[in-house]
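Topology and contacts: notes
Read off the chains here:
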Amino acid sequence: GTRPSRALPYALAVDGRGNVRRLADHPGPAFVSSGSTVAANQLYVFGGAVWDAAGATVRNLAQASAFSPADNQWRRLRPLPHALRGCTAVTLPDGRIFLAGGYKNDEEGFTDEAWIYDAGKDAYSPARPLPYRAMVSLVVCEGFLYCLGGEDKKQSRTDAAFRIPVTELLK
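First, a word on what this report is: a plain description of the structure on this page. (Residues numbered from 1 in each chain as written. Predicted model: local features only at pLDDT ≥ 70, side-chain atom pairs only at ≥ 80, totals over all residues. Heavy atoms only, no water.)

1. A look at the nonpolar core
Where we set the bar: Residues grouped as a nonpolar core are buried Ala, Val, Leu, Ile, Met, Phe, Trp, Tyr and Cys residues, joined through side-chain atoms within 4.5 Å. Exposure is judged per residue with a 1.4 Å probe applied to protein chains only, and the accessible area is read against the type maximum: over 50% gives exposed, under 20% gives buried, and values in between give partly exposed. Any two residues whose heavy atoms approach within 4.5 Å are treated as being in contact.
Residues Phe98, Leu130, Val136, Leu138, Leu145 and Leu169 are the most contacted members of the largest nonpolar core, which totals 18 residues. Apart from the residues within four sequence positions on either side, Leu130 is in contact with Phe98, Ala100, Gly101, Asp112, Val136, Leu138 and Cys147. Judged by nonpolar contacts, the second largest core, of 15 residues, contains Phe46, Leu77, Ile97 and Leu99.

2. Brief notes about the sheet that holds strand β7 (residues 64-68)
Across a sheet, strands are paired by hydrogen bonds formed along the backbone, either parallel or antiparallel in direction. The test is simple: Think of it this way: DSSP has to see at least two bridges between two strands before they count as a pair. The numbering of helices and of strands both runs from the N terminus, where a helix is a DSSP run of H or I of at least 4 residues and a strand a run of E of at least 2. Each axis is a line fitted through C-alpha atoms, taken for helices only over the stretch in contact, and angles between the N-to-C directions span 0 to 180 degrees.
Read from one edge of the open sheet, four strands run β3-β4-β7-β8, paired in antiparallel fashion. Bordering the open sheet on either side are β3 (35-39) and β8 (73-76), each of which pairs with just one other strand. Across the sheet, the axes of successive neighbouring strands diverge by a mean angle of 20°, strand direction being ignored.

3. A closer look at the sheet that holds strand β13 (residues 114-118)
An order of β9-β10-β13-β14 is seen for the four strands of this open sheet, with the pairing classed as antiparallel. Of all strands in the sheet, those bounded by a partner on one side alone are β9 (88-91) and β14 (123-126). Averaged over all neighbouring strand pairs, the angle between strand axes comes to 25°, with direction disregarded.

4. With respect to the side chain of His26
Here is the rule we go by: Under the rule applied, a polar contact is a pair of N or O atoms within 3.5 Å (in protein, one hydrogen donor and one hydrogen acceptor; residues adjacent in sequence only if both atoms are side-chain atoms).
Structurally, His26 is set in the loop between β2 (20-22) and β3. Exposure remark for His26: the relative accessible area of 11% places this residue in the buried category. One polar contact links His26 to Ser65, side chain to side chain, over a distance of 2.7 Å. Sequence-distant contacts of His26, defined by excluding residues within four places in its chain, comprise Pro9, Phe31, Gln63, Ser65 and Trp74.

5. Overview of the pairing of β3
Judged by which residues are buried, β3 turns out to be one-sided: Gly35, Thr37 and Ala39 face inward and are buried, whereas Ser36 and Val38, on the alternate face, are not. As consecutive antiparallel partners, β3 and strand β4 (residues 42-46) are separated by two residues, and within that stretch Ala40 has a phi angle of approximately 50°, a positive value.

6. Things to note about a nonpolar patch on the surface
Defined as follows: What makes a patch is a set of residues exposed beyond 30% relative accessible area and free of salt bridges, joined within 9 Å when like-charged and within 5 Å when nonpolar (Val, Leu, Ile, Met, Phe, Trp, Tyr). To be clear on the numbers: accessible area is Shrake-Rupley with a 1.4 Å probe, and residue cover counts the displayed protein chains and nothing else. The rule for a salt bridge is simple: a side-chain nitrogen of Lys or Arg has to be within 4 Å of a carboxyl oxygen of Asp or Glu.
On the surface, Leu8, Tyr10, Leu12, Val14 and Val20 cluster together into a nonpolar patch covering about 490 Å² of accessible area. Its place among the elements puts Val20 in strand β2.

7. Observations regarding the pattern of salt bridges
One side chain can pair with another of opposite charge once the charged atoms of both are near each other. All chains considered together, the criterion is met by nine salt bridges. A salt bridge links Arg22 to Asp25, with the shortest nitrogen-to-oxygen separation between them at 2.9 Å. According to the relative accessible area criterion, Arg22 is partly exposed, its value standing at 47%. Residue classification places Asp25 among the partly exposed positions, given a relative accessible area of 43%. Several salt bridges share partner residues, and in doing so they unite Lys104, Glu108 and Glu113 into one network.

8. Overview of the packing of aromatic side chains
Selection rule: Only Phe, Tyr and Trp rings are paired, with Trp represented by its six-membered ring, and only when their centres lie within 6.5 Å; those with planes under 30 degrees apart are stacked, over 60 edge-to-face, the remainder tilted.
A full pass over the atoms with the stated rule returns nine aromatic pairs. Ring centres of Tyr44 and Phe46 lie 6.5 Å apart, and the angle between their planes is 10°; on these two criteria the pair is classed as stacked. Its relative accessible area of 4% is what places Tyr44 among the buried residues. Classification of Phe46 as buried rests on a relative accessible area of 0%. On the numbers, 5.8 Å between centres and 35° between planes, the contact of Tyr132 with Phe162 is tilted. Remark: Phe162 occurs in strand β17 (residues 156-165) and Tyr132 occurs in the loop between β14 and β15 (135-141); sequence separation between them is 30 residues.

Right, here's the structure in full:
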């Protein structure tokens, strides 16, 4: 997998013709394993992990940011409720962002916690937790959220799969 000590401090954009351009540098340290999604023509990025050379360990982040391709600029968002790596972000039909799962820390391990991020308010609200604790894949299609597999324990993968009505996420 990708190691935080090898993270690069920039991102590249590739268009439909294969042209590559470097984007504005993300503010802060280079990181890996964040949740990301596109909403309202912006790239939203949540959490992640950095390499702490002094402590020789991985440190999770609570940072959140959005990139505007029109302006080629990043802006900071309100931080996540807690530091987290490996969460998944998916845009809901109403434009809000569902964030769930990931790895909190060695004491708590993987999480099933979930939030709804409202970009207009720059605010998080609790959402229905995932059916299991893991770094998961999430897909929204035709009114349903599909929660698929993922890493449920270190070095372990699950074949769990759930279909949840999007309306149920908001309860």
